[in-house]
Amino acid sequence: MVPDRPRQAGPDYLGFAVPLRLRTERGELRLLSTLTHFGTAVDVTLAELKLEAFLPLDQETAALLADAMDGRR
């Protein structure tokens, strides 16, 4: 279930992006979503392509993600 949208921006609101917080077994992950849109690409195969990436917002999240990746190898 998706929670209701807050009426006022929280203290983490950056004005252009809203951080994503996920609670996991390893701890809380704080991520920032970025979206890239190739709207005017010359190659038709790239037209309207959108890429979304989630980047760590702090060192703790980066370390948790790095540890998770090391555990998969």
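Attention in this report is confined to the structure presented alongside it. (Residues numbered from 1 in each chain as written. Predicted model: local features only at pLDDT ≥ 70, side-chain atom pairs only at ≥ 80, totals over all residues. Heavy atoms only, no water.)

1. Describing the side chain of T61
Turning to step 1, where the next piece is worked out: Structurally, T61 can be placed in helix α1 (residues 59–72).
Turning to step 2, where the next piece is worked out: Apart from residues no more than four positions distant in its own chain, T61 is found in contact with E28, L29, R30, L31 and P56. (Helix = DSSP H or I, 4+ residues; strand = E, 2+ residues; numbered from the N terminus. Contact = heavy atoms within 4.5 Å.)

2. A few points about the pattern of salt bridges
Pairing between side chains of opposite charge can happen when their charged atoms approach one another.
Turning to step 1, where the next piece is worked out: For the structure on display, the rule yields two salt bridges.
Turning to step 2, where the next piece is worked out: Ionic pairing is found between E28 and R21, a salt bridge with its closest N-O pair at 4.0 Å.
Turning to step 3, where the next piece is worked out: Taking relative accessible area as the criterion, E28 reaches 38% and is therefore assigned partly exposed. (Salt bridge = Lys/Arg side-chain N within 4 Å of Asp/Glu carboxyl O. Buried < 20%, exposed > 50% of the residue type's maximum accessible area, 1.4 Å probe, protein only.)

3. Looking at the sheet that holds strand β2 (residues 27–38)
Two modes of strand pairing occur in sheets, parallel and antiparallel, and in both the strands are linked by backbone hydrogen bonds.
Turning to step 1, where the next piece is worked out: Spatial ordering of the open sheet is given by β1-β2-β3, a layout of three strands whose pairing is antiparallel. If you trace the sheet from one side to the other, it starts and ends with β1 (20–24) and β3 (49–56), each paired once. Mean inter-strand twist for the sheet, computed between neighbouring axes without regard to direction, equals 35°.
Turning to step 2, where the next piece is worked out: Across five bridges, β1 lies against β2 in antiparallel orientation. (Pairing = 2+ DSSP bridges. Axes fitted to C-alpha atoms, helices over the stretch in contact; angles between N-to-C directions.)

These figures capture arrangement, not role.
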